[in-house]
Structures are given as structure tokens and as C-alpha cells.
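Now for the letters of each chain:
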Amino acid sequence: MSKYTYIVFVASLCLGLVHWACSRPGVQTAAHTAVNTERAKDSVTMDSVHWPESFSLGHVATEAEIQAWDIDVRPDGKGLPAGSGNFVDGQQLYTAKCAVCHGKTGKEGPNNQLVGGTDVKEKTIGNYWPYSTTLFDYIRRAMPFNQPGSLSDKEVYSLTAFLLAANRIIDSTTVLNAETLPKIQMPAQKYFVPDDRKGGAEVR
């Protein structure tokens with residue numbers, strides 16, 4: 001080991017020891033103590049502020065406003081609106097508003113593939129979605145991509161009918177509504193099971 005290398009080694013060792021000593025619990029420099037003291041003072045000051053009961057922003061939501069946002073649909077169909085839809089209307093709507101993202105038949109893309117069974121690797125409505133009502137719920141709140149929430153309930157029912165028929169889950173003559181849609185059994189539902197494992201951390 002050369003003299004220069006030895007000096008560098010010793011200097012590095014000393015710096016490492018100093019860093020280790022200063023970082024030990026309970027060991028602080030005067031600068032650290034001052035900074036922590038100032039932060040504590042700021043915290044006390046902020047917590048002591050008497051905030052007003054209201055900042056006069058917005059208003060209490062009305063029942064109508066709440067209902068307008070309360071559009072979730074459960075797996076059992078609770079929350080489905082009145083109205084109905086069919087394959088023919090859905091096919092026309094799909095061509096006009098959905099094909100540009102999902103392809104002419106729901107297989108081409110460029111976005112998610114919607115149509116396909118167990119013979120394709122991609123997760124589609126036909127091989128992955130567990131509940132038919134989830135399809136209605138998702139289309140109504142999130143599609144089309146450039147105008148989410150713009151579809152009427154009848155249009156959503158019709159698009160749902162078209163996509164389920166395209167995946168060969170229902171017949172193209174089936175009319176969907178709040179009564180018939182929840183009764184449809186999805187092919188992938190059997191793959192979704194409750195986690196009933198015991199003896200460890202239970203996840204629900």
C-alpha cells in the first residue's frame with residue numbers, strides 16, 4: 001500500500017466513524033437541535049389556530065345532486081336503472097363510439113380487447129369479467145373514453161347486450177333490463193371465490 005493510498009484510507013475511515021457517531025439515536029448537533037426546536041414551535045402555532053366553522057365554499061349537497069352521482073351497480077343488480085337495450089342498437093352504437101379504440105369486432109384494438117374466450121391470452125369480457133352488471137356499471141361511468149358519462153341508460157343497456165352477445169354469452173335477441181341483466185351467468189364467475197383460508201392473516 002502506497003503512502004498516498006494509506007492516507008486516503010485513514011481519512012475515509014475517520015469520516016465514516018464521525019458520521020456513525022453523529023447518526024446514533026440521541027446524538028444531535030447544536031444545529032439539529034435548533035432546527036427541531038423551530039419545527040416544534042411552528043407545529044404548536046399551526047395547531048393553535050382557531051379555524052372558522054366554515055370557509056363559505058360550496059354548499060350542502062341536495063338529495064338530487066347526491067342521486068346524480070350515486071350510480072354504482074352491485075353484482076346482484078341493485079342500482080340498475082329503468083330502461084332496456086338490445087343487440088341491434090348496441091351494434092350501431094359500438095361502431096359509432098367504440099370501434100375506434102377497441103376495433104371493428106372488439107378484437108383488433110388498439111386499446112383493450114373486449115371480445116374473446118378461453119382461446120385468447122388477453123383478459124376479455126368473455127373470459128375474465130365475473131359479473132354482467134359490472135359491464136353495465138363500467139360503460140356508464142367511464143365510456144366512451146373521450147366522453148365518459150355521456151351515454152343514456154338505454155344506450156348502455158344496448159352496448160352491454162351487443163358485447164355480451166359478441167362474446168357468445170347471450171343470444172342476439174335477448175333484451176337487457178334491470179331484471180334480465182343480473183340473471184346472466186358469466187363464464188369466469190366460477191374463478192372468483194371468497195378467500196376462506198384460516199390460520200394466518202385473513203384477507204377479505
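Residues numbered from 1 in each chain as written. Predicted model: local features only at pLDDT ≥ 70, side-chain atom pairs only at ≥ 80, totals over all residues. Heavy atoms only, no water.

Peer 1: Describe the overall build of the protein, naming the residues involved and giving the relevant values.
Peer 2: Across its full length, the protein holds 7 helices and 2 strands. Each helix (α) and strand (β) of the protein, taken in turn from the N terminus, gives the series α-α-α-β-α-α-α-α-β. Here the protein holds 204 residues, and the buried ones make up 25% of them. In the form shown here, the protein has an accessible surface area of approximately 14,800 Å², with 59% of it arising from carbon and sulfur atoms. (Helix = DSSP H or I, 4+ residues; strand = E, 2+ residues; numbered from the N terminus. Buried < 20%, exposed > 50% of the residue type's maximum accessible area, 1.4 Å probe, protein only. Areas by Shrake-Rupley, 256 points an atom, 1.4 Å probe, with all protein chains shown as cover.)

Peer 1: Kindly report on helix α7 (residues 153-166), identifying the contributing residues and their values.
Peer 2: The end-to-end C-alpha separation of α7 is 20 Å, in line with the 20 Å expected for 14 residues at 1.5 Å each. Most of α7 is tucked away: 10 of the 14 residues are buried. Inspection of α7 places Val156, Tyr157, Ser158, Leu159, Thr160, Ala161, Phe162, Leu163, Leu164 and Ala165 among the buried residues, and these make up the whole buried set. Contacts made by the buried residues of α7 are with β1 (84-85), α4 (87-97), α6 (132-142) and β2 (176-177). The first or second residue beyond α7 is Arg168, which carries a positive phi of 60°. (Expected span 1.5 Å × (residues − 1). Contact = heavy atoms within 4.5 Å.)

Peer 1: Explain the nonpolar core residue by residue, including any values.
Peer 2: The biggest cluster of nonpolar side chains holds 29 residues, and the ones touching the most others in it are Tyr94, Ile139, Leu163, Leu164, Leu176, Leu181 and Ile184. Every element with two or more residues in this core is listed here: α4, α6 and α7. Among the elements that make up this core, the one with the highest residue count is α7 (8 residues). (Core = buried A, V, L, I, M, F, W, Y, C linked by side-chain atoms within 4.5 Å.)

Peer 1: Describe the pattern of salt bridges, naming the residues involved and giving the relevant values.
Peer 2: If you walk through the whole model with that rule in mind, you get 5 salt bridges. Asp89 is paired through a salt bridge with Lys154; the nearest N and O atoms lie 3.0 Å apart. With Asp89 in helix α4 and Lys154 in helix α7, the pair connects residues that are 65 residues apart, well separated along the chain. A salt bridge links Arg140 to Asp153, with the shortest nitrogen-to-oxygen separation between them at 3.4 Å. In this pair, Arg140 sits in helix α6 while Asp153 sits in helix α7, placing the two residues 13 residues apart along the sequence. (Salt bridge = Lys/Arg side-chain N within 4 Å of Asp/Glu carboxyl O.)

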